[in-house]
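Structure assessment
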Amino acid sequence: MTTEIVKLADRRAFLQRSAALGGVGLLGGCATTGQGAGAGGFAAPAPLAPVRARADRIMGITVCLRPFRAAGPRIEAETVGDKLVVHNYGHGGSGWSLSWGSGLNALKIALAGGERDIAVIGCGALGLTAATLAQRAGCRVTIYAKDRLLDARSARATGIWSPDSRIALDSAVPAGFPAQWEDMARRSFRIHQQYLGLADRPVEWIDRYMLADAPSRGRAPQPMDFAHYEARIRDLTPPSEEIAAGRHPFPVAHVRRASLPMFNINAYGRMLTNDFLLNGGRIETVEFHTPADLAALKQKVVINCTGYGARALWKDESIVPVRGQIAWLIPQAEVTYGIYYKGVGTLSRPDGMVVQNSGPDESYGYNDANEAPDRAEAEAAVATIAPLFQPRA
């Protein structure tokens, strides 16, 4: 049997297992027939297409350094010369998710003195959203940045809704931070939903399957006390649900499904950038080395959205890098879901299939500033999920 026939057989076997979704339905309790809609319910969803999890389909490897601060994001003002600098950085793995709510908090401080000519430093997730919000408030806005979004660290993010991912340490946050976080998360969620249903799908909802060989016993013990606030916003997304054996194609004992927003960062970033420019905004390529460099700007109010770059620019040693690497597989438009298994997660985005090793616990990558891609790590992550899409014995 040739290699091509073996691959075709593997794919057919996964689809045959996945056909259980079409036969018994995955819409909790909606009985269906194999011929479409039954007498008492809707037709079942289409089968899940298998991920082609092979190392030879890796088309790129990217590394992002998440800017973690134990006390949570820095959203506060300081005076530098004749400038009011409003800081908006240090969101850990929650930058895209919290960007709008965080930007609203920063903008409130920036506009308190009546200025309407605003500078924004940084063109990543936080910079673009803060600039957009300032425009919506009637301001004239200029973004100053070393890199445009697609070259910034924000472009290397996973893209899943994760508003409390490495956002802070429970033991280090001020008393009012949980409520502040909830407000940022809810405001961000509402604005993200405004981008649903648009061309190029900048924001969309995706099903993600959490797979396990043994039953879950709750959150595993963690070596660090990262804050978790998901219970405060549980009403924003549907609860995850257990999927019974025979109702999914995966060769594991336990499967849960959750529905979450996902950001197609390539399309989302282009849309934000284009809208900003069409509304009269300007982007200038500038690299700042010290806070004193801000003296050259004509604007009196500056919103600082430099992310991990703030560690060097502001000498902020409270920022700790948390390394995250993505192996990008060739896109598969037919795959419309993600999985999480043995510390490896996937998302199917139009610009590629994300495969990321998140490690055994949340401390994975902590204080690791190495931005060099690791091919062995990428191939190991792909190999971890590959057996899920192979035929059963």
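Residues numbered from 1 in each chain as written. Predicted model: local features only at pLDDT ≥ 70, side-chain atom pairs only at ≥ 80, totals over all residues. Heavy atoms only, no water.

A separate point is the overall build of the chain. Counting its regular elements, the chain contains seven helices and 14 strands. Of all 393 residues assigned to the chain, the portion counted as buried reaches 51%. Partitioning the intrachain contacts of the chain with sequence separation of at least 6 by distance along the chain shows that 79% fall at a separation of at least 24. Surface exposure of the chain reaches about 17300 Å², of which carbon and sulfur atoms provide 54%. (Helix = DSSP H or I, 4+ residues; strand = E, 2+ residues; numbered from the N terminus. Buried < 20%, exposed > 50% of the residue type's maximum accessible area, 1.4 Å probe, protein only. Contact = heavy atoms within 4.5 Å. Areas by Shrake-Rupley, 256 points an atom, 1.4 Å probe, with all protein chains shown as cover.)

Along the chain, the position of G127 falls in helix α3 (residues 125-136). Along the sequence, G127 and G307 sit 180 residues apart, while their C-alpha atoms lie 9.0 Å from each other. Dropping the residues within four chain positions of it, G127 is found in contact with V120, G122, I143 and C305.

Let us look at the packing of aromatic side chains. Here the structure, examined in full by the defined rule, presents 16 aromatic pairs. Site record: aromatic cluster; members linked through ring pairs are W96, W100, Y195, F263 and Y268. (Phe/Tyr/Trp six-rings, centres within 6.5 Å; stacked < 30°, edge-to-face > 60°.)

Moving on, we get to the confidence of the model for the chain. For the chain, per-residue confidence averages 90 on the pLDDT scale, and 88% of positions sit at 70 or higher. The model gives residues 20-39 a pLDDT under 50, and that stretch makes 41 contacts with residues more than four places away or in other chains. (pLDDT = per-residue confidence, 0-100.)

On to the sheet that holds strand β1 (residues 58-69), then. Taken in spatial order, the eight strands make up an open sheet running β1-β11-β14-β13-β12-β6-β8-β7, and their pairing is mixed. Looking at the sheet topology across the chains shown, the edges are occupied by β1 and β7 (241-243). Within the sheet, the average angular offset between the axes of one strand and its neighbour, ignoring direction, is 30°. Summarising the sheet, strand β11 (residues 319-329) and strand β14 (residues 352-357) pair through four bridges and their orientation is antiparallel. Note that in β14 the partner of I326 across the bridge is Q356. (Pairing = 2+ DSSP bridges. Axes fitted to C-alpha atoms, helices over the stretch in contact; angles between N-to-C directions.)

This part takes up the nonpolar core. Counting 59 residues, the largest nonpolar core has W96, I143 and I303 as the members making the most contacts within it. Tallying contributions element by element places α3 first for this core, with seven residues. Each residue touching W96, except ones within four places of it in the same chain, is listed here: A125, L149, S154, A157, H192, F263, I265, Y268 and L272. If you look at the next biggest cluster of nonpolar residues, it comprises 28 residues, including A53, V252, A381 and F389. (Core = buried A, V, L, I, M, F, W, Y, C linked by side-chain atoms within 4.5 Å.)

Time to look at the environment of Y89. Looking at where Y89 falls in the secondary structure, it is placed in strand β3 (residues 83-89). Separated by 215 residues in sequence, Y89 and N304 place their C-alpha atoms 7.3 Å apart. A polar contact is formed between the side chain of Y89 and the side chain of D316, at a distance of 2.6 Å. (Polar contact = N/O pair within 3.5 Å; in protein donor to acceptor, adjacent residues only side chain to side chain.)

As a further point, take unusual backbone geometry. Located in the positive-phi region is R201, a residue other than glycine, with phi close to 50°. Along the chain, R201 turns up in the loop between α4 (177-192) and β6 (203-212).

Next up on the list: the sheet that holds strand β5 (residues 140-145). Pairing is mixed in the open sheet, where six strands are placed in the order β2-β3-β10-β4-β5-β9. Strand pairing shows two members of the sheet lacking a second neighbour, β2 (74-80) and β9 (282-285), which therefore form its edges. On average, each strand axis in the sheet is tilted by 25° relative to the strand beside it, whichever way the strands run. Two elements, strand β4 (residues 117-121) and β5, share five bridges in a ladder whose sense is parallel. Bridging across to β5, A119 finds its partner in T142. Running at roughly 110° to β9, helix α5 (residues 265-278) makes contact with β5 and β9 of the sheet.

Quick look at α4 now. If you check α4, its first and last C-alpha atoms are 22 Å apart, about what 16 residues at 1.5 Å a residue would give, namely 22 Å. Taken together, the buried positions of α4 are occupied by F177, P178, W181, E182, M184, A185, S188, F189, I191 and H192. If you follow the buried residues of α4, they end up packed against β2, α2 (95-110), α3, β6, β8 (254-263) and α5. (Expected span 1.5 Å × (residues − 1).)

As a further point, take the packing of α2 against α4. The geometry of α2 relative to α4 is characterised by a closest axis approach of 7 Å and an angle of 110° between their N-to-C directions. Here α4 runs roughly perpendicular to α2, going by the angle between their axes. Listed contacts from α4 to W96, S97, L98, S99, W100, G101, S102, L104 and N105 of α2 are Q180, W181, D183, M184, A185, R187, S188, I191 and H192. Each residue belonging to the contact of α2 with α4 can be placed in one class, and the counts come to eight nonpolar, eight polar and two charged. (Parallel < 35°, antiparallel > 145°, perpendicular 65-115°, else oblique. Nonpolar A, V, L, I, M, F, W, Y, C, P; charged D, E, K, R; others polar.)

This brings us to the side chain of R349. In this fold, R349 is placed in strand β13 (residues 344-349). Here R349 falls in the buried class, since its relative accessible area comes to 3%. A distance of 2.9 Å separates a polar atom in the side chain of R349 from a polar atom in the side chain of D351. In this structure, R349 is in contact with A157, T158, G159, M262, F263, N264, I265, N266, W328, P331 and V354, ignoring residues within four places of it in sequence.

Turning our eyes to something else, we now look at the environment of A212. Structurally, A212 can be placed in strand β6. Each C-alpha atom of the pair A212 and K342 lies 7.4 Å from the other, and the pair is 130 residues apart in sequence. Among residues more than four places away in sequence, those in contact with A212 are V252, A253, H254 and Y341.

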